Amino acid sequence: MRKITFSEATREAMAEEMEKYPEVFVMGEDLARQGGIFGQFKGLPDEFPGRVIDTPISETFIVGGGVGAALGGARPVVDMHFADFIGVCMDEVLNQMAKIRYMFGGQAKIPLVLRAPDGLAGGGAAQHSQSVESFFIHIPGIKVVAPSNPYDAKMVLKAAIECDDPVLYFENKVLYKETGEVPEKEDEVPYEIGKARVEREGKDVTIVSYSIGMKNARAAADQLAKDGIQAEVIDLITLSPWDKETVLNSVKKTHRLCLVSECVKQGGAMAEVAATVAEEALEYLDAPILRYGAPFTPIPFAPTLEKLYRVYPDDLVKGIKGVL
Amino acid sequence: MATEVLMPKLGLTMTEGTIDEWKKNVGDTVKKGEILFSVETDKLTNDVEAEADGVLLKILVPAGETVACKTLIGWLGAEGEAVPDGAGAAPAAAAEAPAAPAAAVSAAAAPAAAGTAHAAGAYVPATPYAKKLAKEKGFDLAAIPATGYKGVVVARDVLGFTPAAAAPAAPAVKASPLAEKVAADLGIDLKDVKAAHGRVLAEDLLRYIAETREKAPDSEATAEREEVKPMSGMRKAIAKNMQNSHMTSPTVTFNLGIDMTEMKRYREQLKAKEIKVSYTDLLVKFVSKALTEFPLLNCSVEDNKIIYKHYVNMGVAVALDNGLVVPNITDADKKSLTEISAEVKELAKQAREGKLPPEKLRGGTFTITNLGMYGIESFSPIINQPEVAILGVNTMEDKVVVRNGEMCIRPIMNLSLTADHRVVDGSVAAQFLQRVKSLMENPALILA
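Calculation criteria
Residues numbered from 1 in each chain as written. Chains lettered and ligands numbered in written order. Predicted model: local features only at pLDDT ≥ 70, side-chain atom pairs only at ≥ 80, totals over all residues. Heavy atoms only, no water. Helix = DSSP H or I, 4+ residues; strand = E, 2+ residues; numbered from the N terminus. Expected span 1.5 Å × (residues − 1). Buried < 20%, exposed > 50% of the residue type's maximum accessible area, 1.4 Å probe, protein only. Contact = heavy atoms within 4.5 Å. Pairing = 2+ DSSP bridges. Buried area = accessible area lost by both parts, 1.4 Å probe. Salt bridge = Lys/Arg side-chain N within 4 Å of Asp/Glu carboxyl O. Polar contact = N/O pair within 3.5 Å; in protein donor to acceptor, adjacent residues only side chain to side chain. Nonpolar A, V, L, I, M, F, W, Y, C, P; charged D, E, K, R; others polar. Core = buried A, V, L, I, M, F, W, Y, C linked by side-chain atoms within 4.5 Å.

1. Here's the deal with helix α10 (residues 337–353) of chain B
Owing to its 3.6 residues per turn, the α-helix aligns residues three or four sequence positions apart on the same side.
Residue and element names in this part refer to chain B.
Link 1 in the chain: Here α10 spans 24 Å end to end across 17 residues, near enough to the 24 Å set by a 1.5 Å rise per residue.
Link 2 in the chain: Here α10 has its buried residues at Leu337, Ile340, Ser341, Glu343, Val344, Leu347, Ala348, Gln350 and Ala351.
Link 3 in the chain: Where α10 is buried, its residues meet α8 (261–272), α9 (279–293), β13 (318–320), β14 (323–325) and β15 (328–329).
Link 4 in the chain: A positive backbone phi angle near 70 degrees is found at Gly354, which sits one or two residues after α10.

In structure tokens:
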């Protein structure tokens, strides 16, 4: 099977959707002139003239304008440049994009995709490295997705564009460069938003993650396998609405749960998973729920400190072995 | 009805206490108000009175063990009265699971606080899934040996457990729970340990360890010439506080000699009027006065904030046989010399008797420590945190000095001020010390 990068996969998704739907367009900072700071929009401006729009540096406008365009019948994809900048347009996200369909009794819909590159990219420091998904899974009215590999990146983005509700698409900056198998268009299986995937089956512990966190999950599972410990690995893919059934069924089988994400552990996306399992499947747990995430501190700039800030597969392996 | 005996909480900061000594034995009659046991905290040792009349039915936490405040440590009640659930382990365990390890738990001196997860009636930590399985299979969790993390009963323990399997093929070695735990921790097979009285107790185990250690050839030489003793609670507290202070405060020590001629005369004058005060009393009085004029020496530091104290609680270090305590004289700046003198005496007495009220050990703003009686000429005391300075007092000695161009003999006493340079700069410390000198060389100024 052909291998392409995560970044190319998202570009392909964009091109295919723009081809398919004339009402799809993209806007954000440095997209047309630069092709996106991570190259994820490269070539699109030439392929679809006038449909890749550079905006002024105003996140408020980017999302506000996207909401307006969606109300007017377009299917906009808007880009945040860095997920960290969503703070600027929080009202547009929290009160407009997420609430308009409800406030208008369903008479209007917002088929908007908000793309947000996130994560620790090495030296990005406290304002350009964050994973902010946790804020948004707390907001009813928007769907939150965070794929972990090129194939999912493509299929999830296509699903997001075709969704009639607003979707927040978190794409990890480190994952952009990673390659993975992506089938030809005719062999693609569409992604259904809200579905998790059991990526690896096991019987001893369930490891749940998403986005870049999956690298830790996979590496930990590999290490554990060497010691005969079979970890089941679940990629949530969609964080809101998340696939409770898949996780609960796995926990009922393995009786142990390990959660990992790159975002700050306190109040992080995985806290919701932990709480739900405790609420609905406590009697199936044979060990405390393990949860790994970033410490409750701004992301340090110094490489040595950034190294300390990260979660590593060894952390998971040690934790899991401690409760087996 | 039996009355619980709890580890008391003596003061806000106390979280745990060590039983220093049970003053009564099991079976002794105790009157309300009588001393029942003594507790060693990180600050001092206190006697604790019985809260009710009765007989000491049971001791759950023996001397030397440390438990959290409010932990049940024993029972008082009427003679022959049964001790409530959880403490009277022997009959319950014997009836319930004669073959389980729990059966070895006996009443007498079994230290339940150190115990196993299996003491009958005690909560058995188990995972929710293990509980679910045990319930389904009708097993008593307490009978299932735990192998999980932190000694928790996990699913595999339940799944691998059969009630019959719990009955050991060969008779198990009878041992107290403490002995079992220690043996397990140290990887000692209890079969190797000889029990002095029927079952293996912790003391048997300790003897075994001592014996086997003596046999080890390489440790023999040093073992005879060294002795290992655990620190007392007070020693631990001193060690912790001193290290903490040393790590916290960058200090500078300043020495200054005081001409005590006038102070001696002043003291004699008071003595002539039947008012006997020590030099420590005088120092408390005069230094307190100086502190009111130098707020930076009477403050504490928290994060980036300086907390100025508009009162002087003067700590006076009191040496004890086994350590040191620093009770303080509250509002020393507002007290008369005689009040101070009486209080210093009383605090020192209480300190030596181990009866200092905990509040007297808190809230000091400055400390005086006197080593003059040992002839010390200068030293650099360690600050009593969170204070920022401490005054070391040295011996008073007749010295030849020059006054008005002529040699003369004067009683000179050195003061050694250690100050925290985070807040007290050299010039401030020097001026303070100079002011103390001026006050002490001109005692009349105390009224000014």
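2. A closer look at the sheet that holds strand β8 (residues 72–77) of chain B
All names here are of chain B.
Link 1 in the chain: Pairing is antiparallel across the open sheet formed by four strands, whose spatial order is β1-β8-β6-β3. Lying at the two open borders of the sheet, with one neighbouring strand each, are β1 (3–6) and β3 (29–30).
Link 2 in the chain: Two strands pair when backbone bridges link them, and strand β6 (residues 54–59) and β8 are joined in this way by four bridges, in the antiparallel orientation. The residue bridging Lys58 from the neighbouring strand is Trp75, located in β8.

3. A short note on the interface of chain A and chain B
Link 1 in the chain: Between chain A and chain B, the residue contacts involve twelve residues of the former and nine residues of the latter.
Link 2 in the chain: Carbon and sulfur atoms supply 59% of the area that chain A and chain B bury against each other, a total of about 820 Å² over both sides.
Link 3 in the chain: Counting the surface chain A buries against chain B, the share from its top three residues, His255, Glu283 and Asp286 of chain A, is 49%.
Link 4 in the chain: Linking chain A to chain B there are zero salt bridges.
Link 5 in the chain: On inspection of chain A and its partner chain B, the count reaches six residue pairs in polar contact (both at pLDDT 80 or more).
Link 6 in the chain: Here the side of chain A that touches chain B is built from residues that sort into seven nonpolar, two polar and three charged.

4. Focus: the nonpolar core
Link 1 in the chain: Core analysis: the biggest nonpolar cluster contains 56 residues, and Val287, Phe366, Leu417 and Phe432 of chain B have the highest contact counts within it.
Link 2 in the chain: Element by element, the count of residues in this core is highest for α9 of chain B, at eight residues.

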